[in-house]
Amino acid sequence: MDTDKKIALISGGTSGIGLAAADILMQRGWNVVLSGRNKERGRAAATFLAKNEGEVRYIQGDVSCDQDCAEMTEQTVAAFGHLDGLVTSAGYYKENLLEQTSPHEVQQMFATNVYGTMSLCRYSLPHLKKSGGAIVTVASDAGIQGNVACSVYGATKGAVVAFTKSLALETAPYQVRVNCVCPGDVVTPLLEKQLHQNPELTLADIKEHYPLFRLASPPEIGKAIAFLLSNDASFITAVALPVDGGLTSW
């Protein structure tokens, strides 16, 4: 048990933004615990991160299951003795017009994006209060402004933003900071899947919507997450930080 280093639990840490955040945190001296549904991907992520000093562990679990969220948290504390940071980067994304969205899809998106975030925060808080730790939730530009064919997804991410701000006020007396990052489009497997499902859509088309005329890389979002977890952000809480290349400021 390593009680000297800070410990972060990262949901959705096996790919994309979560994996990038884990890599950056380990480079800065943290130990990390990754959670995700796919065991093979989780083991591959842990192997990738093993290049860094420190410890990395993978816990299989689905954040849409409340019991899994409880077990992720307890296994992390059992392994390392404490918890200093929580990153809720597990997410479900699907574009669809509301009239073409089934009740099951609505429930699935809320179960992962909203209820999963809430459950992990609820189970982590007793431990974060002891350490004076921090939480970073992951929302989206769609949680700040409307996007076409994203009414349900936008609703879930808007809920995450409002939840983050409210939870930050609840936890402030315990010196637990809670912030949110709101990325725009990021070059991840999720974006590749989106492009595959929409052959008419190209990266060039997407870039045109951004003042910086490019998309983010996962480490650019990961660095924002690492900053908000760090002591450099010790007086920052209840913030929804756009990391979107200016997209929401058009």
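The chain goes by Oxidoreductase in an unreviewed UniProt entry, where it is assigned to Megasphaera cerevisiae DSM 20462. Under the heading Sequence similarities (unreviewed entry), UniProt records this for the chain: "Belongs to the short-chain dehydrogenases/reductases (SDR) family."

Right, let's talk about the packing of helix α1 (residues 16–27) against helix α8 (residues 218–229) for a bit. Any two packed helices are characterised by the angle at which their axes cross and by the distance between the axes. One way to put it is that α1 packs onto α8 with a least axis distance of 8 Å and a crossing angle of 55 degrees. Relative to α8, the element α1 lies oblique. Considering only the axes of α1 and α8, their crossing is right-handed. Residues G16, I17, A20, A21, I24 and L25 of α1 lie in contact with α8, whose contacting residues are P218, P219, I221, G222, K223, I225, A226 and L229. Of the residues contributing to the contact of α1 with α8, the split by class is eleven nonpolar, two polar and one charged.

Secondary-structure assignment places N31 in strand β2 (residues 31–36). Within the structure, the side chain of N31 is placed 2.7 Å from the backbone nitrogen of E55, a separation counted as a polar contact.

Here we take up the sheet that holds strand β3 (residues 56–60). Pairing is parallel across the open sheet formed by seven strands, whose spatial order is β3-β2-β1-β4-β5-β6-β7. Across the chains shown, the open sheet's two edge strands, defined by having one partner strand only, are β3 and β7 (240–243). Each strand of the sheet is rotated relative to its neighbour by a mean of 20 degrees, with strand direction disregarded. Relative to strand β4 (residues 85–88), strand β1 (residues 7–11) runs parallel, the two being bridged by four bridges. Counterpart to S11 in the pairing with β4 is T88. The strands touched by α8 within the sheet are β4, β5 (134–138), β6 (177–183) and β7, with β6 carrying the most contacts at an inclination of about 165 degrees.

Taking 1.5 Å as the rise per residue, helix α4 (residues 103–131) with 29 residues should run 42 Å; its terminal C-alpha atoms sit 40 Å apart, in good agreement. Along α4, the sharpest kink reaches roughly 50 degrees, centred on L125 and followed within four residues by the proline P126. One or two positions beyond α4, positive phi appears at G132, with a value near 65 degrees.

The interhelical angle for the contact between α4 and helix α5 (residues 151–171), taken along N-to-C directions, is 15 degrees, at an axis separation of 9 Å. In terms of orientation, α4 lies roughly parallel with respect to α5. Relative to α5, the crossing made by α4 is right-handed. Facing α4, whose interface residues are V106, M109, F110, N113, V114, T117, M118, C121 and L125, α5 presents V152, Y153, A155, T156, K157, A159, V160, F163, L167 and T171.

Nonpolar side chains tend toward joint burial in soluble globular proteins. Grouped together as the largest cluster of nonpolar side chains are 30 residues, with contacts concentrated most on L25, V32, V181, I221, I225 and L229. At the level of elements, β1, α1, β2, α2 (39–49), β5 and α8 are the ones that each hand at least two residues to this core. If you tally residues by element for this core, the top one is α1, at seven residues. Those residues in contact with L25 that sit more than four places away from it in its chain are A8, I10, W30, V32, A226 and L229. Ranked by size, the runner-up nonpolar core spans 24 residues in total, among them L86, L125, I135 and V176.

So, on to the pattern of salt bridges. All told, the structure shown has five salt bridges when counted by the stated rule. When the shortest N-O distance is used, the salt bridge between D66 and R122 registers 2.6 Å. Taken together, the residues span a long stretch of sequence, with D66 in helix α3 (residues 66–80) and R122 in helix α4 at a distance of 56 residues. Assessed through its relative accessible area of 44%, R122 is described here as partly exposed.

In this section: the UniProt feature "domain: Ketoreductase" (unreviewed entry) in the chain. The feature "domain: Ketoreductase" (unreviewed entry), as given by UniProt, occupies residues 6–190 in the numbering adopted here. Split by type, residues 6–190 is 49% helix and 17% strand. Its first and last C-alpha atoms lie 29 Å apart.

Looking now at the pairing of β1. Remember that side chains alternate between the two faces of the sheet whenever the strand is regular. With five of its five residues buried, β1 lies for the most part within the structure. Here β1 shows a buried face lined by I7, L9 and S11 and a second buried face lined by A8 and I10. The pairing of β1 with β2 spans five bridges and is parallel. Note that in β2 the partner of I7 across the bridge is N31. On the question of chirality, the crossover connecting β1 to the parallel β2 by way of α1 is right-handed.

Conventions and cut-offs
- Residues numbered from 1 in each chain as written.
- Predicted model: local features only at pLDDT ≥ 70, side-chain atom pairs only at ≥ 80, totals over all residues.
- Heavy atoms only, no water.
- UniProt positions renumbered as here; feature names shortened; annotations may be inferred.
- Axes fitted to C-alpha atoms, helices over the stretch in contact; angles between N-to-C directions.
- Helix = DSSP H or I, 4+ residues; strand = E, 2+ residues; numbered from the N terminus.
- Parallel < 35°, antiparallel > 145°, perpendicular 65-115°, else oblique.
- Left-handed = near helix turned anticlockwise from the far one by under 90°.
- Contact = heavy atoms within 4.5 Å.
- Nonpolar A, V, L, I, M, F, W, Y, C, P; charged D, E, K, R; others polar.
- Polar contact = N/O pair within 3.5 Å; in protein donor to acceptor, adjacent residues only side chain to side chain.
- Pairing = 2+ DSSP bridges.
- Expected span 1.5 Å × (residues − 1).
- Bend = angle between axes of the 7 residues up to and from the residue.
- Core = buried A, V, L, I, M, F, W, Y, C linked by side-chain atoms within 4.5 Å.
- Buried < 20%, exposed > 50% of the residue type's maximum accessible area, 1.4 Å probe, protein only.
- Salt bridge = Lys/Arg side-chain N within 4 Å of Asp/Glu carboxyl O.
- Right-handed = clockwise from strand over helix to strand, strands pointing away.

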